[in-house]
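Listed below, chain by chain, are the residues.
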Amino acid sequence: MPSEKSVYEPSAHASKGAYVTSLPQYQQMYRRSVDDPEGFWGEIARHFHWETPADPARFFRYNFDVAKGPIFTKWMDGATTNVSYNLLDRNVRNGHGDKVAFYWEGNHPDDYSRLTYRKLLEEVCRLANVLKSRGVQKGDRVAVYMPMILEAVVTLLACARIGAVHSLVFAGFSADSFAERIVDCGARVLVTADGAWRGDKLIALKSICDQAMSKCAADGHNVETCLVIGHLGRVTSPKGASQRHKTPMTVGRDIWWHDAVPQASSSCYPEWVRAEDPLFMLYTSGSTGKPKGVLHTTAGYLLYAATTFKYVFDYRPDDVYWCTADVGWITGHTYVVYGPLANAATSVLFEGTPFYPDHGRFWSVVEKYRVTQFYTAPTAIRALMKFDERLVKRHDLTSLRVLGSVGEPINPEAWLWYYRVVGGERCSIVDTFWQTETGGHVLTPLPGATPMKPGAAGFPFFGVEPVLLDEGGKEIIGEGEGYLVFPRPWPGLMRTLFGNHDRYELTYFTKFPGYYCTGDGAKRDADGFLWVTGRVDDMLNVSGHLMSTAEVESVLTEHRGVAEAAVVAKPHPVKGECLYCFVTVTEDGVFDERLLRELKQHVRERIGPFAQPDVIQNAPALPKTRSGKIMRRILRKVAVNDRDVGDVSTLADGTVVEQLFAMRPPDAAA
Ligand code: WTA
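Procedures and definitions
- Residues numbered from 1 in each chain as written.
- Predicted model: local features only at pLDDT ≥ 70, side-chain atom pairs only at ≥ 80, totals over all residues.
- Heavy atoms only, no water.
- Helix = DSSP H or I, 4+ residues; strand = E, 2+ residues; numbered from the N terminus.
- Rg over C-alpha atoms; globule rule 2.2 N^0.38 Å.
- Buried < 20%, exposed > 50% of the residue type's maximum accessible area, 1.4 Å probe, protein only.
- Contact = heavy atoms within 4.5 Å.
- Areas by Shrake-Rupley, 256 points an atom, 1.4 Å probe, with all protein chains shown as cover.
- Expected span 1.5 Å × (residues − 1).
- Arc of directions from axis to C-beta.
- Core = buried A, V, L, I, M, F, W, Y, C linked by side-chain atoms within 4.5 Å.
- Pairing = 2+ DSSP bridges.
- Phe/Tyr/Trp six-rings, centres within 6.5 Å; stacked < 30°, edge-to-face > 60°.
- 1 Å grid on protein atoms, 1.4 Å probe; cavity = no way out; pocket = protein on both sides within 12 Å on 5 of 7 lines; lining within 4 Å.
- Points joined across faces, edges and corners; volume = space filled by probe spheres on them.
- Nonpolar A, V, L, I, M, F, W, Y, C, P; charged D, E, K, R; others polar.
- Axes fitted to C-alpha atoms, helices over the stretch in contact; angles between N-to-C directions.
- Near = heavy atom within 4 Å.
- Polar contact = N/O pair within 3.5 Å; in protein donor to acceptor, adjacent residues only side chain to side chain.
- Disulfide = S-S within 2.5 Å.
- Salt bridge = Lys/Arg side-chain N within 4 Å of Asp/Glu carboxyl O.

**Student:** Explain the overall build of the chain to me, please; I cannot follow it from the model alone.
**Tutor:** Along its length, the chain carries 20 helices and 30 strands. For a compact globule of 670 residues, the expected C-alpha radius of gyration is about 26 Å, and the chain comes in at 25 Å, within 12% of that figure. Split into buried and exposed, the 670 residues of the chain put 62% on the buried side. Here the analysis covers contacts within the chain between residues at least 6 apart in sequence; of these, 74% occur between residues at least 24 apart. Only carbon and sulfur atoms are counted for the fraction: they give 50% of the accessible area of the chain, which is about 25,600 Å².

**Student:** Honestly, helix H18 (residues 593-606) in this entry has me stumped. Any pointers?
**Tutor:** One full turn of an α-helix is made of 3.6 residues, so residues set three or four places apart face in the same direction. Here H18 is 14 residues long and its end C-alpha atoms lie 20 Å apart, about the 20 Å a rise of 1.5 Å per residue gives. Among the residues making up H18, those that are buried are Leu-595, Leu-596, Leu-599, His-602 and Val-603. Viewed end-on, H18 has its buried residues packed into an arc of 130 degrees, placing them on one side of the element. Of the residues in H18, the exposed ones pointing more than 90 degrees away from the buried face are Glu-593 and Arg-597. The elements touched by buried residues of H18 are helix H17 (549-556), strand S28 (562-572), strand S29 (576-585) and strand S30 (615-618). Gly-608 lies just past H18 and shows a positive phi near 160 degrees.

**Student:** Got a minute to help me understand the nonpolar core in this structure?
**Tutor:** For soluble globular proteins, the rule of thumb is that nonpolar side chains tend to be buried together. By size, the foremost hydrophobic cluster in this structure holds 177 residues, and its most contacted members are Met-76, Leu-120, Leu-157, Tyr-338 and Leu-341. Ranked by the residues each element gives to this core, the list is headed by helix H10 (residues 299-312), at ten residues. Apart from residues lying up to four places away in sequence, Leu-157 is in contact with Ser-84, Leu-87, Leu-88, Leu-120, Val-124, Val-337, Tyr-338 and Leu-341. Val-320, Trp-322, Val-348 and Val-392 belong to the second largest nonpolar core, which has 32 residues in total.

**Student:** Would you mind showing me how to read the pairing of strand S18 (residues 373-376) here?
**Tutor:** Residues in a regular strand project their side chains so that they alternate between the two faces of the sheet. Residues Gln-373 and Tyr-375 point to one face of S18 and Phe-374 and Thr-376 to the other, with burial holding for every one of them. Pairing of strand S16 (residues 320-323) with S18, which is carried by three bridges, proceeds in the parallel orientation. Across the sheet, the residue bridging to Cys-323 is Tyr-375, located in S18. Across four bridges, the pairing between S18 and strand S19 (residues 402-406) is parallel. Note on S19: the bridge partner recorded for Thr-376 is Ser-405.

**Student:** Is there a simple way to explain the packing of aromatic side chains in this structure?
**Tutor:** We describe a pair of aromatic rings using the distance from one ring centre to the other and the angle between the two ring planes. Tallied over the full model, the rule gives 59 aromatic pairs. Here the aromatic rings of Trp-329 and Phe-610 are separated by 6.3 Å at their centres, their planes lie at 75 degrees, and the arrangement is edge-to-face. You can see Trp-329 sitting in the loop between S16 and helix H11 (330-342) and its partner Phe-610 sitting in the loop between H18 and S30, a full 281 residues away along the chain. Since its relative accessible area comes to 16%, Phe-610 is described here as buried.

**Student:** Whenever I open this one, empty space enclosed by the protein confuses me. Can you help?
**Tutor:** Any empty space left between atoms is shown by rolling a water-sized probe over those atoms. Under the definition given, this model contains five cavities of 30 Å³ or more. When the residues that make up the lining of the largest cavity are grouped by side-chain class, the tally is six nonpolar, three polar and no charged.

**Student:** Whenever I open this one, helix H15 (residues 412-422) confuses me. Can you help?
**Tutor:** Judged by how many residues are buried, H15 sits mostly within the fold: eight of eleven residues are covered. Residues of H15 that are buried include every one of Ala-414, Trp-415, Leu-416, Trp-417, Tyr-418, Tyr-419, Val-421 and Val-422, and no others. On its buried face, H15 sits against helix H12 (361-369), S18, helix H13 (378-384), helix H14 (390-393), S19 and strand S20 (428-432). Directly after H15, the chain includes Gly-424, whose backbone phi takes a positive value near 55 degrees.

**Student:** Looking at this structure, how should I read the sheet that holds strand S22 (residues 480-486)?
**Tutor:** Think of a sheet as strands paired side by side through backbone hydrogen bonds, with each pair either parallel or antiparallel. Taken in spatial order, the four strands line up as S21-S22-S24-S25 in an open sheet, and their pairing is antiparallel. Sheet topology places strand S21 (467-469) and strand S25 (530-535) at the edges, where each strand pairs with a single neighbour. Along the sheet, successive strands turn relative to each other by an average axial angle of 50 degrees, direction set aside. Sheet topology note: the S21/S22 ladder contains three bridges and is antiparallel. What sits directly across from Leu-469, in S22, is Tyr-483.

**Student:** Sorry if this is basic, but what is going on with the site of the ligand here?
**Tutor:** In the vicinity of the ligand lie 17 residues, with Asp-431, Thr-432, Thr-436, Asp-520 and Arg-535 positioned nearest. Measuring from a nitrogen atom of the ligand, one finds a side-chain N or O atom of Asp-431 at 2.8 Å. With respect to the ligand, the side chain of Arg-535 contributes an N or O atom lying 2.7 Å from an oxygen atom. For the ligand, whose free accessible area comes to 530 Å², the fraction covered by protein is 96%. Mapped onto the shell around the ligand, the elements with two or more residues apiece are H11, S20 and S25. Residues belonging to the shell around the ligand are distributed by class as follows: seven nonpolar, six polar and four charged.

**Student:** Looking at this structure, how should I read the state of the cysteines?
**Tutor:** Each disulfide is one covalent bond, formed between the sulfur atoms of two cysteines. Within the structure shown, the criterion is met by zero disulfides. Counting only cysteine sulfurs, Cys-268 is the nearest neighbor of Cys-125, a cysteine outside any disulfide, at a range of 5.4 Å. Here Cys-323 stays free of any disulfide, with the sulfur of Cys-427 as its closest cysteine sulfur at 17 Å. Owing to a relative accessible area of 2%, Cys-323 belongs among the buried residues under this scheme.

**Student:** Explain the sheet that holds strand S23 (residues 496-497) here, please?
**Tutor:** An order of S12-S11-S8-S6-S7-S14-S15-S23 is seen for the eight strands of this open sheet, with the pairing classed as mixed. Both edges of this open sheet fall to strand S12 (254-256) and S23, since each of them pairs with a single strand only. Bridge analysis of strand S15 (residues 292-297) against S23 gives two bridges, and the strand direction is antiparallel. Its bridge partner lying in S23, Val-294 is registered against Leu-497. Against the sheet, helix H8 (residues 205-218) contacts strand S6 (141-145), strand S8 (189-193), strand S11 (225-229) and S12, and its axis sits at roughly 155 degrees relative to S8.

**Student:** How should I be thinking about the layout of surface pockets in this particular structure?
**Tutor:** Of the pockets and cavities examined, the second largest pocket occupies roughly 510 Å³. Every residue lining the second largest pocket is counted, 23 residues in all, and those nearest its centre are Tyr-19, His-47, Lys-310, Tyr-311 and Asn-343. Elements with a minimum of two residues in the lining of the second largest pocket: helix H2 (23-35), helix H3 (37-45), helix H4 (83-96) and H10. Of the residues that constitute the lining of the second largest pocket, the class distribution is eleven nonpolar, six polar and six charged.

**Student:** Would you take a moment to explain the pattern of salt bridges for this structure?
**Tutor:** Close approach of charged atoms lets side chains of opposite charge pair. With the rule as written, the count across this model stands at 47 salt bridges. A salt bridge links Lys-453 to Asp-527, with the shortest nitrogen-to-oxygen separation between them at 2.7 Å. In this pair, Lys-453 sits in the loop between S20 and S21 while Asp-527 sits in the loop between strand S24 (516-524) and S25, placing the two residues 74 residues apart along the sequence. The partly exposed category is assigned to Asp-527, whose relative accessible area is 48%. Ionic pairing is found between Lys-575 and Asp-614, a salt bridge with its closest N-O pair at 2.7 Å. With Lys-575 in the loop between S28 and S29 and Asp-614 in the loop between H18 and S30, this pair connects stretches of sequence that are 39 residues apart. According to the relative accessible area criterion, Asp-614 is partly exposed, its value standing at 25%. Residues joined by salt bridges that share partners form a network here, namely Asp-55, Arg-58, Arg-61 and Asp-77.

Honestly, that's just the spatial picture; any functional story needs more than this.
This is the structure in structure tokens:
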């Protein structure tokens, strides 16, 4: 296995003709980006269209210190623009009208299509006109619940065209979770599809939306329009699946996309919005349970998505780029939609899963479209490396030049397999660290320039200054490990949490005044490489899906039979982490198979299938301090069956620990 010292030079194949071809060149550009942010980003801004130019005196301002007043970040104040204009009209005018924006590859290999920049612009305008006709105005939120289809992209850009704020919720979230988010953002219009196949499983999206809308109504919030794409009728069903699926439609509220959109005009004048007007919001888990509506604005996000995409993937005009992330996550927003389109890129949009119709699907898609950049998550790599290498090797993957990883730390074994088996030792790997909040990559190698170490995110992107702090808030210089924070913003950093600026300041700027706090730990090695070690707060990362322990605990305790619950992360060979739950039943409750089944089902319904616990253990009592605080450190030890629990002298009742070890269920294997 590679050690911290193993270094892989950027591949010659990736370096040749790259935008940045050497470490000194990166260092020089990086210096400039932090010494002269106005100059650096100002030059990049010149490639885009501004209806009103920015005021040079107010190009970049911020405050990160709560003691000095409210936290804010502003880029390009005074400028007005429209993101959809920059992604579509500008590219069409520059001669890319007939260029393919997306190759769509369906769940079933028989289903595929393509969309050019010109056609995408027309579709966006049509939908924008429909949204306007349903009363959507600048600043209004639009809820979106979509599979990976071209209309998802059309919907986001149609919102941007009229200055509406899209709030897309990953279609793996349950009706309850979706309803909570619709009510929080106050959306009156929802866009969805009748359903979609994931592998051979049918996801009845519209039915989930119906449940969510009734829950909203019960909370006093009415969704007035639900626009539904008829997707199931145009795709191939998996073998043996029933062809019939009826979609219930509520008259007056629900309209079929095909009854409204094709008839609308294909031109729609863009709404010019201000640089700091919101572009979209996207919910992410909060450590106190309630999801946080991370808000991104217009100019800064556009610049940052465009620039990170260009340099981190080293995208060149004839490349075909493929990011496998679902559009429901920030990776889907920045690196399926905004970043690629801002660069007039050609991308693959994939609806399916890596395992359907067989475990070689990813590689057959790479071969089919001659993909040059492939971007996926460590959990997918770990799942695929379990199968015979021949599944990969029988495909021609020589088109690949850059391989990306995102969502969680990538373990060296997975990194090496990706490098060797998928990349044939010819590709550079970019292990990109970032967050919903950061808008785009913040720590990452550049494929033609920076040496790589398996498992290290490496170096900061342009304009990003990482700092490591110790518990006392003192900066760690040189080698060391601490909290990963940033003393000033780059253009793509979120601006607030929707409707809750106090929570924004409290969550991200209070622990270490003067810094944006990521919630992750990181270490810097002797060569200056940064290694993100994972969350330092009560967050879990299951297959790249971030969730909080508090969120799952509160759902478990909703069950009548449960008195108390505590959830910890347990390392998992494929998912990275999984949920290990400790449950104390009520006086008249019984811990049996039925309770287990009900709890698992309840978590699926309240949060989503991806949050289902792997282990639920009976805990007659939880290890608590005298002041009543649950000692999660001990629970984490029980989860992995490590009896080296350390100091337990502060526990109110020390016998609990032994009892918990003795009661580990058989399926909890160490
Ligand atoms: C984790 C996903 C290590 C990290 C873009 C972060 C990573 C959280 C990496 C954000 C990486 C993401 N190496 N850890 N390359 N990428 N993370 O908001 O803990 O869904 O805070 O954004 O994922 O997850 P989010």
